[in-house]
Amino acid sequence: MALEKINSYEEFLAYCKEHSHSLDIKKGVKGIGEETHLISICSSSGCHASLSQEVYDEFDKYIKENKLEKKIKLSITGCFGFCEKGPIVKIFPEDTFYIQVKPEDAPRIVDNLVKGDKPLLDKLYVNPADNKPIVKQDDIPFYKKQKRIALRDCGLINPESLEEYVANKGFAGLANVLFKYSSDEAIEILKNSGLRGRGGAGFPTWKKWDIARKVPGDEKYVVCNADEGDPGAFMDRSIMEGDPFSVLEGMIIAAKIIQANKGVIYIRAEYPLAVERLEKAIYILREHGLLGDNIMGSGMSFDIEIKYGAGAFVCGEETALIASVEGGRGEPTVKPPFPAQSGLFKKPTNVNNVETYDNVPFIFANGAEAFNCIGTEKSKGTKVFALAGKINNVGLVEVPMGTTLREIIYDIGGGIKNGKAFKAVQTGGPSGGCIPASFIDTPIDYDNLVSIGSMMGSGGMIVMDEDNCMVNIAKFYLSFTVDESCGKCTPCRVGNKRLYEILEKITNGEGTLEDLDQLESLGTIIKDTALCGLGQSSPNPVLSTLKYFREEYIAHVTEKLCPAKECKALARYSIDPKICIGCDICAKKCPVEAISKTDQQAKNPKLFIHVIDDHKCIRCGTCAMHCPVKAISL
Amino acid sequence: MGKEQMSPETQAKYDELEQFIASKGNKEHELIAILHKAQGIFGYLPEDVQRFIAKRLNVPVSKVFGVVSFYSFFTMKKTGKYVIRVCLGTACFVRGSEKILNEFSEKLGIQPGNTTADGLYTLETVRCVGACGLAPVIQVNGKTYGNATVQSVGQILEEYK
């Protein structure tokens, strides 16, 4: 690639013009040159785990063997969001959307393209509603209600191609901020857009930037929080893997406005692919004069460094994150002073998360109205959710703020797996709460979620069905918080441990009604007294499940019963006499001789139906595992 | 630890680490990056390595140990040839990853966080690898297995012997 350093606004426009056709073939227009088809393969972590690299290699091999390189181009792209159906392969300009493509499918797909036949039916998504295959991505119900702003480039561009990023309005926002707007005007645009932080509490982004820009200082930092620690949330990872330039552009815009000269991306060590993409993108931007000294010839200098996390959830809290970037233990500090006043190395610092920065270029390229026309009164734009758990279509979805849970779960998510009943959805990760089915028509935005006892958090959305025990879920989150508490303040370090112990007592069938009151009062105290956001929100999973699923707690305590049959200690195994064939295997396998035969004859009159003595049973499940006719269940 | 007793291989490892620390300007705020590198070289972070780093950065060993013990990514125990990581992120948890963890634990006869006596397997838990679409997920030496079941545990172990 010839080195093209962009030294002025005019040169930038020329660069844009030169590469404006880079995405033509993906927009259905015949591409430049001889190529007639483009095969675009998802190369994000989700599809990688379903062997998309092997699929790519097989395509590559077959295309080369048949000397089709000039006609059929092969390319990688970022996350389509439909991870459950990966690896995803898209064919352009036909816009064919193939799912679950295996390496051995590659020759068939190429042959089919060369012949110009109709798409391969068995590789298309089949709409479960009418059993009809769907060819184009936009016609799949999963995508119909989505609105892609943060994910605008994911699945469209090659994440390693600056040309393609620019062809989809990339760096137009930065050019506007560098050459068209004053810093006051830029802040005004951001304010009008209504963008709020996408990492948790939803603090208005313009306000954060405005404080940081007004604090005097000749050295300031822009930090990107890419420590996506919330288990079950993977939108930031997908954005960094699928659209790394956008995150970097958002950071450069922030740096211009607050006059920062150094940037840091603090990223989880568990995300090697995202790091690789970001490093490549940083290198490409430096080569093109879009990062480093004298960006776009504007006189602005700013560079970005990647710093690794090392597995600590608390480092998602901004003051803890800063302590970690400084090489120490990631323990939070009391605010104020806020990072905007005294942050990294005691310098004014602006911290936002990945998705927030990712929205910024869109706003400055398209104007505040293009963003604030979407969403609810106080929550503008869209939000990316990582939809996971007991749902048919697991993946990343981006919807306008104000979309209801019903639309997300049933229209986009395709409903609950195996036709089970929807019970609850957990948002906001270990800091959020469980929302019961009765709120299914609540429009989702920052404020509504808080009012029903949960929070937006980073956008994890875990769907639970009738088989999930809410006490056990609360215990799961508490065990997470206990593990991850940094230990600096007592309410979080000791309080959460006590909460966990009470929950353990309840799931073991040893709880009392007083324990429920104890959970509530202790939880409230932790909320009021913990030092940082992690501690203050850690009792939310307990308090919200206690509020909405109290009867389930009571069943555990008074009847010693787990209605969802998930808590092993409360399980009751029984043998269905209608199914039992009297083979005696269960009785032989039972380690405590809790199973005996009755005098009731089985189908074979020489054998007898068996029964379990509940007092002797230790609920190990061995009998159920070995029963040849599956007569034993909970 | 006296350098003269070191095997040439160990010496080479320390040399590599020393070079890396120097490339970071022996700066204290690079500690986490240095620990990542050291763990990459040695496989874990034994006390000697921590002392070595503390000396080069001119900080107390307690500071280095404080950081090592704070972050779950760092380990002071030698790991096995195959590191099995069972994801206990929420998406995997609600789809039954706890049962898979128990199955590994039973089959290998070790609790999570430990290594089998023959030094072959280390069993670990991990909080979300971000492949929630394939839940429950396990990783063996970085290779991801999606939609894992209790039954697949035996098959996976067969692959790594």
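Keep in mind that what you see is a predicted model, and the values were worked out from it rather than measured. Here, residues in each chain are numbered from 1, in the same order as that chain's written sequence. By the order in which they are written, chains take letters starting at A while ligands take numbers starting at 1. The predicted nature of this model means local features are confined to residues of pLDDT at least 70 and side-chain atom pairs, given and counted, to a pLDDT of 80 or more, with totals for whole chains, interfaces and linings taken over all residues. Computation of side-chain values covers all heavy atoms of the structure but excludes hydrogens and water.

1. A short note on the nonpolar core
- Residues belong to one nonpolar core when they are buried, are Ala, Val, Leu, Ile, Met, Phe, Trp, Tyr or Cys, and are joined through side-chain atoms within 4.5 Å. Here the term buried applies to any residue with accessible area under 20% of the maximum for its type, exposed to any over 50%, and partly exposed to those in between, with areas from a 1.4 Å probe on protein chains only. If you look at the biggest cluster of nonpolar residues, it comprises 138 residues, and the most contacted ones within it are Leu162(A), Phe171(A), Trp209(A), Ile267(A) and Met296(A).
- Non-local contacts of Leu162(A), meaning those with residues more than four positions away in its chain, are made with Tyr15(A), Phe171(A), Phe245(A), Ile284(A), Leu285(A), His288(A) and Leu290(A).
- In terms of nonpolar packing, the next biggest core, distinct from the first, is built from 44 residues, Val264(A), Leu57(B), Val59(B) and Phe74(B) among them. Should any heavy atoms of two residues lie within 4.5 Å, those residues are counted as being in contact.

2. Some words on the confidence of the model for chain B
All names here are of chain B.
- You can read pLDDT as the predictor saying how much it trusts each residue, on a scale of 0 to 100. Confidence in the prediction of chain B, expressed as mean pLDDT, is 92, and 98% of residues score 70 or more.
- Labels follow the DSSP assignment, with helices taken as runs of H or I lasting at least four residues and strands as runs of E lasting at least two, numbered in each case from the N terminus. Of all helices and strands in chain B, the one with the weakest mean pLDDT is helix H5 (residues 90-94) (86), whereas helix H3 (residues 47-57) scores best (97).
- Scored as a complex, the prediction yields pTM 0.92 and ipTM 0.90.

3. A word on the domain arrangement of chain B
- Domain boundaries in chain B define domain 1 (3-70) and domain 2 (82-159).
- Domain 1 of chain B and domain 2 of chain B are separated by 30 Å when their C-alpha centres are compared. Domains are outlined according to an automatic or database domain assignment.

4. A short note on the sheet that holds strand E7 (residues 221-226) of chain A
All names here are of chain A.
- Two strands qualify as a pair provided that DSSP identifies no fewer than 2 bridges between them. Pairing is parallel in the open sheet, where four strands are placed in the order E9-E8-E7-E10. Edge strands, defined here as strands with exactly one partner in the open sheet, are strand E9 (303-308) and strand E10 (349-353). Taking each pair of neighbouring strands and ignoring which way they run, the sheet shows an average axis angle of 20°. Axis definition: a line fitted to C-alpha atoms, limited for helices to the stretch in contact. Angles are taken between N-to-C directions and run from 0 to 180 degrees.

5. Quick look at helix H14 (residues 354-366) of chain A
Residue and element names in this part refer to chain A.
- Among the 13 residues in H14, eleven count as buried, and that is most of the element.
- Turning to H14, its buried residues number three or more, namely Val354, Glu355, Thr356, Tyr357, Asp358, Asn359, Val360, Pro361, Phe362, Ile363 and Phe364.
- Downstream of H14 by one or two residues, Gly367 has phi in the positive range, about 95°.

6. Some points on the sheet that holds strand E2 (residues 114-115) of chain B
Residues and elements named next belong to chain B.
- As summarised here, the arrangement of the five strands in space is E2-E3-E1-E4-E5, forming an open sheet in which the pairing is mixed. The open sheet has two free edges, formed respectively by E2 and strand E5 (143-145), since each of these has just one partner strand.
- Bridge analysis of strand E4 (residues 138-140) against E5 gives three bridges, and the strand direction is antiparallel. Among the inter-strand pairings, Val140 is bridged to a residue of E5, identified as Lys143.
- The sheet strands contacting helix H6 (residues 97-108) are strand E1 (82-87), strand E3 (121-126) and E4, and the helix crosses E1 at an angle near 150°.
- Taken strand by strand, helix H7 (residues 150-159) contacts E1, E3, E4 and E5, and its axis lies near 155° from that of E5.

7. Looking at H3(B)
All names here are of chain B.
- Three or more residues of H3 are buried, namely Val49, Gln50, Phe52, Ile53, Ala54 and Leu57.
- Close packing links the buried residues of H3 with helix H1 (8-23), helix H2 (31-42) and helix H4 (61-70).
- Following H3 by one or two positions, Asn58 adopts a phi angle in the positive range, close to 60°.

8. Some words on the packing of aromatic side chains
All names here are of chain A.
- Stacked, tilted and edge-to-face are the three classes applied to pairs of Phe, Tyr and Trp rings, where Trp contributes its six-membered ring and a pair requires centres within 6.5 Å; stacked means planes under 30 degrees apart, edge-to-face means over 60, and tilted covers the rest. Evaluated as defined, the whole model comprises 20 aromatic pairs over all chains.
- Judged by centre distance (5.5 Å) and plane angle (55°), the rings of Phe82 and Tyr125 are tilted. Taken together, the residues Phe82 in the loop between strand E2 (72-77) and strand E3 (89-92) and Tyr125 in strand E5 (residues 125-127) connect sequence positions 43 residues apart.
- Overall, the relative accessible area of 1% leaves Phe82 in the buried class.
- Ring centres 5.4 Å apart and planes at 75° place the aromatic pair Phe439 and Tyr548 in the edge-to-face group. Taken as a pair, Phe439 in the loop between strand E14 (433-436) and helix H17 (446-451) and Tyr548 in helix H22 (residues 540-548) lie far apart in primary sequence, 109 residues in all.
- Three or more aromatic residues joined by ring pairs make a cluster, and in this case those are Phe80, Phe82, Phe97, Tyr125, Phe142 and Tyr143.

9. Structural notes on the interface of chain A and chain B
- Taken together, the contact pairs 51 residues of chain A with 31 residues of chain B.
- Put simply, a salt bridge is a Lys or Arg side-chain nitrogen that is within 4 Å of an Asp or Glu carboxyl oxygen. The partner of Asp483(A) in a salt bridge is Arg127(B), and the shortest N-O contact between them spans 3.0 Å.
- Between N or O atoms, a polar contact is any pair within 3.5 Å; within protein, one atom must be a potential hydrogen donor and the other a potential acceptor, and residues adjacent in sequence are included only when both atoms are from side chains. Where chain A packs against chain B, one counts 16 residue pairs in polar contact (both at pLDDT 80 or more).
- Sorting the residues of the side of chain A that touches chain B by element identifies helix H2 (45-49), E9, helix H13 (318-325), strand E11 (382-389), strand E15 (460-465) and helix H18 (470-484) of chain A as the ones contributing at least two each.
- Among the elements that make up the side of chain A that touches chain B, the one with the highest residue count is H18(A) (seven residues).
- Here the residues of the side of chain A that touches chain B are counted per class, giving 26 nonpolar, 13 polar and twelve charged. Only Asp, Glu, Lys and Arg are considered charged in this grouping, and only Ala, Val, Leu, Ile, Met, Phe, Trp, Tyr, Cys and Pro are considered nonpolar; every other residue, Gly among them, is considered polar.

10. Section: the pattern of salt bridges
Residues and elements named next belong to chain A.
- By the definition in use, this model includes 47 salt bridges over all chains.
- For Asp358, the salt bridge goes to Arg152, with nearest N and O atoms at 3.8 Å. Placement of Asp358 in helix H14 and of Arg152 in the loop between helix H5 (141-144) and helix H6 (162-167) is noted, with a sequence separation of 206 residues between them. We note that Asp358, like Arg152, is buried.
- Several salt bridges converge on common partners, so that one network encompasses Asp105, Arg108, Asp122 and Lys123.

11. Focus: the domain arrangement of chain A
- Here the domain parsing of chain A yields domain 1 (17-137), domain 2 (162-372), domain 3 (382-465), domain 4 (470-568) and domain 5 (572-633).
- The C-alpha centroid of domain 5 of chain A is placed 41 Å from the C-alpha centroid of domain 3 of chain A.

12. Structural notes on unusual backbone geometry
- Cis geometry is adopted by the peptide bond preceding Pro87(A), which originates at Gly86(A) and carries an omega value of -10°.
- With respect to the helices and strands, Pro87(A) occurs in the loop between E2 and E3.
- Cis geometry marks the peptide bond from Ala135(B) to Pro136(B), where omega comes out at -10°.
- The residue Pro136(B) is located in the loop between E3 and E4 in this model.
- Even without being glycine, Lys67(A) reaches a positive phi, approximately 50°.
- Along the polypeptide, Lys67(A) turns up in the loop between helix H3 (52-65) and E2.
- Under the relative-accessibility criterion, Lys67(A) is labelled exposed at 69%.

13. Considerations on the pairing of E3(B)
All names here are of chain B.
- Bridging between E1 and E3 involves six bridges; their strand directions are parallel. Along E3, the bridge assignment pairs Arg85 with Glu124.
- With two bridges connecting them, E2 and E3 associate as antiparallel partners. Among the inter-strand pairings, Asn114 is bridged to a residue of E3, identified as Leu123.

14. Some words on the packing of H18(A) against helix H23 (residues 550-558) of chain A
All names here are of chain A.
- Between H18 and H23, the least distance of the axes is 8 Å, while the angle of their chain directions is 95°. The orientation of H18 relative to H23 falls into the category roughly perpendicular. Within the contact between the two elements, H18 uses Met470, Val471 and Ala474 and H23 uses Glu552, Tyr553 and His556. Orientation categories follow fixed angle ranges, with anything under 35 degrees roughly parallel, anything over 145 roughly antiparallel, 65 to 115 roughly perpendicular, and all other angles oblique.

15. Some points on the environment of Val450(A)
- As for its position among the elements, Val450(A) is in helix H17.
- Sequence separation between Val450(A) and Phe245(A) is 205 residues; the distance between their C-alpha atoms is 33 Å.

16. Details of the state of the cysteines
Residue and element names in this part refer to chain B.
- The term disulfide is used for any two cysteine sulfur atoms that are within 2.5 Å. Applying the stated criterion across every chain yields a total of zero disulfides over all chains.
- No disulfide involves Cys92; its nearest neighbouring cysteine sulfur is the one of Cys87, lying 3.7 Å away.
- Of the residues examined, Cys92 reaches a relative accessible area of 3% and is grouped as buried.

17. As for the side chain of Ser544(A)
Residue and element names in this part refer to chain A.
- Relative to the helices and strands, Ser544 is located in helix H22.
- A polar atom in the side chain of Ser544 sits 3.5 Å from the backbone oxygen of Pro541.
- Contacts of Ser544, omitting those with residues within four sequence positions, involve Gly433, Cys434 and Gly453.

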